[in-house]
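So the chains spell out like this:
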Amino acid sequence: MIAKKVLLIGSFGVGKTSLVRRFVLNEFSENYISTIGVRISTKTVAIEDEEVKLMIWDVAGTSEEENVPKAYFLGSSAAMYVFDLSREETYLNLDKEIESIKNLSGLDEVIIVGNKRDLLSDDEIFEIRKIVPVTIDFITSAKENANVEGAFNLLTQQSLK
Amino acid sequence: MRETTVDNKKDNRFEILKELLLTDDRQKFESLRDQFLEKDKIRENINPVVDEKIDDLKANFPEHFGDQITESIKVQIRESQDEVVEALYPIMGKLVKKFIIAEITKLTESINQTINDKFSLTQILKRLFKGKRTDADDVLQEVFEPIIEEVFVIGEKTGLLIGSYSRGNIADKDMVSGMLTAIKSFAEDAFKKEGQDLEDIKFETFQLSMVNYNSIYIATATSGVITSEFKEELSDNLNTLAEKILRDRTYLNDENKLNKLIEDILILD
């Protein structure tokens, strides 16, 4: 079985841990648990007749702003950046954040995920897509289990490239 | 007309008098009777409800009053700490004493056994030819013998588990490897010691040692008293293990092969 380290990055409270929980345990907790530094989860995913053991490093923020050890970003095969659709401050500087992650991890691509779609209407999401400086790959809701599987499947595929 | 024994006039008067005197009493009697009958009626209606409530209380007492009772006990304990300590002290004292006696007995037996072995004729002869080690070292070494409990060979940057050996039952070794790598990175970053690595973590009877090599690091968890002799031997064996892995990179992609190598070099050797 192949084992891959993948990153999940984003500011505090954007719902990274909830996404991992939904993906790994397929459940959602209403309790808010903030992430301190890094939380590691593992999940084995079958993709293209191949079993991949994902080691998901759920990292809070980027090294420069939140003083996260640079070593957390090293050796990763793919990364997913999560922002909160309902909080503007989590996506306004997205392009800079993504550049910083690419520099730290050495990755060419980062998957962009807007989470908490359950809190916004379709029109509001449409407006956000126009403001966000990069292309959003997935609009998810950990609470309603919307698009979570899809986002992680793409992460797994990218980790195999 | 024949006269009767009844004096109608007199009797009527008595009746009238009775009426006059007892009207209040009769009204009170009527009222009391009504009240009594009313109570019976109410009782008939209320009894089943009360019974039901009593049954519910019996069955769900902890749910209804658990919190209040717990709170009340907490308050009681808090306010009467001296009394609680006084009541529990003799019982706890006996338990602690019993535990300590049992442990000291085990330790004494173990030390006696080791001393007997050490002072046997064969051992005395052996001692004549040995080096610097003292008898105390020998006794300690045998009573608290260091044991390698866990070994993890981990990718230095990825934190991915490449191979392992385990005496215990660690549920998710991959997660442990990841967390160890994160802790290591965090400690090295927090103390800003560039070029220096986190090497040891000690907790109770366990010591976790991490040795870095090119692209991998090896973490070993050891229990018991770690003597300098054991440390040297472990270090030599770890170097041998790392050398073999790095010379033959197929070990990095074959977990079973690597696990066997770890066992051969660190455990069976």
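Look up a bit, the structure's there.
Residues numbered from 1 in each chain as written. Chains lettered and ligands numbered in written order. Predicted model: local features only at pLDDT ≥ 70, side-chain atom pairs only at ≥ 80, totals over all residues.

Q: Looking at this structure, how should I read the overall build of chain A?
A: Helix and strand counts for chain A stand at five helices and six strands. The secondary structure elements of chain A, listed N-terminal to C-terminal, are β-α-β-β-α-β-α-β-α-β-α. For chain A, with 161 residues in total, the buried portion stands at 44%. Within chain A, contacts between residues at least 6 apart in sequence are counted, and of these 66% link residues at least 24 apart. (Helix = DSSP H or I, 4+ residues; strand = E, 2+ residues; numbered from the N terminus. Buried ≥ 20, exposed ≤ 12 C-beta atoms within 10 Å, placed from the backbone. Contact = placed C-beta atoms within 7 Å.)

Q: Is there a simple way to think about the overall build of chain B in this case?
A: Scanning chain B for helices and strands turns up seven helices and five strands. When its helices and strands are written in sequence order, chain B yields α-α-α-α-β-β-α-β-β-β-α-α. The buried share among the 269 residues of chain B stands at 13%.

Q: Could you clarify how one ought to interpret the sheet that holds strand β2 (residues 38-47) of chain A in this entry?
A: Strands belonging to one sheet form pairs held by backbone hydrogen bonds; the direction of such a pair is parallel or antiparallel. Residue and element names in this part refer to chain A. If you trace the six strands from one edge of the open sheet to the other, you get β2-β3-β1-β4-β5-β6, paired in mixed fashion. The open sheet has two free edges, formed respectively by β2 and β6 (138-139), since each of these has just one partner strand. Bridging between strand β1 (residues 2-10) and strand β3 (residues 50-60) involves nine bridges; their strand directions are parallel. Within β3, the position partnered with Ala 3 by the bridge is Lys 53. (Pairing = 2+ DSSP bridges.)

Q: Any chance you could explain the interface of chain B and chain A here in plain terms?
A: Across the contact, 14 residues belong to chain B and 13 residues belong to chain A. Of the residues forming the side of chain B that touches chain A, the biggest block, eight residues, is contributed by helix α5 (residues 173-190) of chain B. For the side of chain B that touches chain A, the class distribution of residues is five nonpolar, five polar and four charged. (Nonpolar A, V, L, I, M, F, W, Y, C, P; charged D, E, K, R; others polar.)

Q: Can you help me understand the nonpolar core in this one?
A: Soluble globular proteins: nonpolar side chains tend toward being buried together. Among the nonpolar cores identified, the biggest contains 65 residues, and A:Ala79, A:Met80, A:Tyr81 and B:Ile154 are the most heavily contacted of them. Sorting elements by how many residues they give to this core places β3(A) first, with seven residues. Not counting chain neighbours up to four residues away, the residues in contact with A:Met80 comprise A:Leu7, A:Leu8, A:Ile111, A:Val113, A:Ala151 and A:Leu155. (Core = buried A, V, L, I, M, F, W, Y, C linked by C-beta atoms within 7 Å.)

Q: Can you walk me through the pairing of strand β4 (residues 206-212) of chain B in this structure?
A: Sheet faces and side chains relate simply in a regular strand, where the side chains alternate between the two faces. Residues and elements named next belong to chain B. Relative to β4, strand β3 (residues 200-203) runs antiparallel, the two being bridged by four bridges. Each residue of the ladder has a partner; that of Phe 203, found in β4, is Phe 206. The pairing of β4 with strand β5 (residues 216-223) spans seven bridges and is classified as antiparallel. The partner of Val 211 across the bridge, within β5, is Ile 218. Where β4 folds back on β5, the antiparallel hairpin that results is connected by three residues, among which Ser 215 adopts a positive phi of roughly 70°.

Q: Would you mind showing me how to read the packing of helix α6 (residues 228-247) of chain B against helix α7 (residues 255-268) of chain B here?
A: The angle between the axes and the distance between the axes are what describe a pair of packed helices. Residue and element names in this part refer to chain B. Axis separation between α6 and α7 bottoms out at 9 Å; the angle between their running directions is 150°. If you check the angle between α6 and α7, you find them roughly antiparallel. Along this stretch, α6 crosses α7, giving a crossing that reads as right-handed. Across from Asn 237, Thr 240, Leu 241, Lys 244 and Ile 245 in α6, the residues of α7 making contact are Leu 258, Leu 261, Ile 262, Ile 265 and Leu 266. Split by residue class, the contact of α6 with α7 holds seven nonpolar, two polar and one charged. (Axes fitted to C-alpha atoms, helices over the stretch in contact; angles between N-to-C directions. Parallel < 35°, antiparallel > 145°, perpendicular 65-115°, else oblique. Left-handed = near helix turned anticlockwise from the far one by under 90°.)

Q: Is there a simple way to explain the environment of A:Val20 in this structure?
A: Residues and elements named next belong to chain A. The residue Val 20 is located in helix α1 (residues 16-24) in this model. Once the C-alpha coordinates of Val 20 and Ile 56 are considered, the two residues, 36 residues apart in sequence, prove to be 8.1 Å apart. If we ignore the near neighbours within four places in the chain, the residues touching Val 20 are Leu 8, Ser 41, Ile 56 and Asp 58.

So yeah, pure geometry; function would need other evidence.
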